[in-house]
Amino acid sequence: MRSKRAALLLLCGIVLPCVWVSCFENYAVVDVGVFRDWAVCLQEYGREIYLDCPLRPNYPTVGILLTAGVFRIFQDGLGIADANVADQGFRYFLAAFESLNFLLLIALFHLSQFRWPIATALGLTLLPSTWAGAAVWGQIDHLSLAFLLMALVLLLRYWRAIDAAGPGPFRQQWLYCVLIPMSITLYILNKQIALFSFPFLFLLLGITGYKLQIGRSRAGLLQFCTLLLIFVVSFRGLDTVFALEPSYLGSSFIGVWAQGSGHGNIISGDGANLWVLLERDLQSTSHFPLFHLGTVEVKPYTLGIIAYALVLMFLFQSVFKAVRDRSQVTQVQPASDAVELLYFACLFHGISWLGFNLLLTGSHDRHPYLAYVFLLLAIAYYGLNQRRWPITVILFSGFVATAYGLFILSTKSALHPLLFPFRQNTFIATLQLLWWLMLLGQWLRLCGQGRWQRWRLEHFGAQK
């Protein structure tokens, strides 16, 4: 009976993305139309698409290949000339990645020894924040999520292998050294917004180096160098597929950011940051004087950057102290801390990603997508599986995730009149701020628990 129930849940999670695409006919026609236009440029200009295409594609190489490249397959390989049919086919292609994400979540939860990995993955998949801005919309943020989840699943297996056998010359560990950096390369080069994941990726790299004992293990140092080398080679190889101006070093990632559209120069790109609470026109400049400090004008644009930088400094300071405490605990009580560290890093990523959406000017409505997924991953682990967080955190998180999903849907489809608050940027911004502060409190509590556990072990020894 239990196996039948699990099979039914598994089938639901795989099929649901296609059902959503079929049910929601209103998608981002403009966004998908741009991808189709890029496909025309890709056929006409080939490697010179960044140089000669009048539309100036603003995605890195992998993003171009997974949008314009897919439309080229539809048009040339499958002979689909009708734009509407091609758009729908593209959305089903996106839905396949949503199904893949569901399977990757199951794999991650299974490795993390969740009580109900399939049910938990399905619950996260059903939340509107997970699917409203994906295939239903017609965008590729969830493709970025797929590459990042692949890296996390592989990384967790890698960390656990190191904890079990040490950084030895095992074929399985060397395979991880190849696959993990390639997955991260695909993630970074899918959308330029991956820049805001760099703090998270550096954190994962630091934890990996700590586990490989690079300071005292020759095998560990060799594996660490292999990880870096494979990343550099794969990144450079994919990043330079298309030709760019010499000033960009041949890098699509640098080129896209250098030619950026200046998102931060306006209050909000229909997003829900803190600056929408000023009740100014969202498209108005973010460089107006908010207040004065002596003769210095403090502008929302500058203040947002400073606030975000301070948040990152605080998070890095606290996370390294927490990892140090955790390493000292495991020295007294030898055990694998791979799962704990991974979800601690996921919480770090979610808080920092939502932080940039709240604090920086110019954020767009779909930009918080990854923040929700990673914060929900942490909530699933600490709240549902470990039961270390109160039920109020879980319920409020579910409400905010639903509210944000409805906010995204409201931009393409009319909501019931009673749901009018979910169409308001100010309402969503307020909810996100309260949620962010709540999870910051849980972050501080987790950091404090590590220090308390270390102090207890130092004074009272290991538990029998």
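Further up the page is the structure itself.
Anyway, here's the lowdown on the structure attached to this text. Values in this document were obtained by computation on a predicted structure and should not be read as measured data.

Now for helix α5 (residues 83-111). When the terminal C-alpha atoms of α5 are compared, their 42 Å separation across 29 residues agrees well with the 42 Å that a helix rising 1.5 Å per residue should span. The N-terminus of α5 is capped by D82, whose side-chain oxygen sits 2.8 Å from the backbone nitrogen of N84. Looking at the residues trailing α5, positive phi occurs at Q113, about 60°.

By the definition in use, this model includes 36 aromatic pairs. Seen in terms of ring centroids, F198 and F253 are 5.9 Å apart; in terms of plane orientation they differ by 20°. Their pairing is stacked. In this pair, F198 is assigned in helix α10 (residues 198-211) and F253 in helix α12 (residues 252-258), connecting sequence segments 55 residues apart. Feature note: the residues F35, W38, Y59, F71, F74, F90, F93, F97 and F147 constitute an aromatic cluster, connected by ring pairs. One residue, K412, lies across the ring of W137, its end atom 4.7 Å from the ring centre.

The next thing to look at is the side chain of H367. As for its placement among the helices and strands, H367 is situated in the loop between α14 (338-359) and α15 (369-385). Taking relative accessible area as the criterion, H367 reaches 19% and is therefore assigned buried. Leaving out residues up to four positions away in the same chain, H367 has contacts with I193, W353, F356, N357 and Y404.

Moving on, we come to the state of the cysteines. Disulfides are covalent bonds that connect the sulfur atoms of two cysteines. Under the counting rule described, the total for this entry stands at one disulfide. There is a disulfide in this structure between C41 and C53, and the S-S distance comes to 2.2 Å. Classification of the bridge connecting C41 and C53 rests on its S-S torsion, roughly 65°, and on that basis the disulfide is right-handed. Placement of C41 in helix α2 (residues 29-45) and of C53 in the loop between α3 (49-52) and α4 (61-77) is noted, with a sequence separation of twelve residues between them. Looking at C18, it has no disulfide partner, and the nearest cysteine sulfur is the one in C23, 11 Å off. Among the residues examined, C18 registers a relative accessible area of 31% and is labelled partly exposed.

A separate point is the packing of helix α8 (residues 141-165) against α15. For the pair α8 and α15, interaxial distance at closest approach is 10 Å and the crossing angle is 35°. Note on packing geometry: the crossing formed by α8 with α15 is right-handed. Facing D141, H142, L145, L148, L149 and L152 of α8, the residues of α15 in contact are Y369, L370, V373, F374 and L377. Its residues assigned to classes, the contact of α8 with α15 shows nine nonpolar, one polar and one charged.

There is a patch of nonpolar side chains on the surface, built from L10, L11, I14, V15, V19 and L103 and spanning about 430 Å² of accessible area. Examining the composition of the nonpolar patch, we find that five residues originate from one element, helix α1 (residues 2-23), more than from any other. Considering the arrangement of structural elements, one finds L10 in helix α1. Residue class for L10 comes out partly exposed when judged on its relative accessible area of 30%.

This part covers the pattern of salt bridges. A full pass over the atoms with the stated rule returns seven salt bridges. The closest approach of N and O atoms between K191 and D141, which form a salt bridge, is 3.4 Å. One end of the pair, K191, is in the loop between α9 (171-188) and α10; the other, D141, is in helix α8, with 50 residues separating them in the sequence. Note on K191: relative accessible area 8%, which makes it buried. Looking at D141, the relative accessible area reads 8%, which means it is buried. Between R366 and D141 there is a salt bridge, with its nearest N and O atoms 2.5 Å apart. Of this pair, R366 sits in the loop between α14 and α15 while D141 sits in helix α8; the two residues are 225 residues apart in sequence, bridging distant segments of the chain. D141 matches R366 in its accessibility class, with the two residues each being buried. Linked by salt bridges that have partners in common, D141, K191 and R366 make up one network.

Calculation criteria
Residues numbered from 1 in each chain as written. Predicted model: local features only at pLDDT ≥ 70, side-chain atom pairs only at ≥ 80, totals over all residues. Heavy atoms only, no water. Helix = DSSP H or I, 4+ residues; strand = E, 2+ residues; numbered from the N terminus. Expected span 1.5 Å × (residues − 1). Polar contact = N/O pair within 3.5 Å; in protein donor to acceptor, adjacent residues only side chain to side chain. Phe/Tyr/Trp six-rings, centres within 6.5 Å; stacked < 30°, edge-to-face > 60°. Lys NZ or Arg CZ within 6 Å of the ring centre and 35° of its normal. Buried < 20%, exposed > 50% of the residue type's maximum accessible area, 1.4 Å probe, protein only. Contact = heavy atoms within 4.5 Å. Disulfide = S-S within 2.5 Å. Axes fitted to C-alpha atoms, helices over the stretch in contact; angles between N-to-C directions. Left-handed = near helix turned anticlockwise from the far one by under 90°. Nonpolar A, V, L, I, M, F, W, Y, C, P; charged D, E, K, R; others polar. Patch = residues over 30% accessible without salt bridge, like charges linked within 9 Å, V, L, I, M, F, W, Y side chains within 5 Å. Areas by Shrake-Rupley, 256 points an atom, 1.4 Å probe, with all protein chains shown as cover. Salt bridge = Lys/Arg side-chain N within 4 Å of Asp/Glu carboxyl O.

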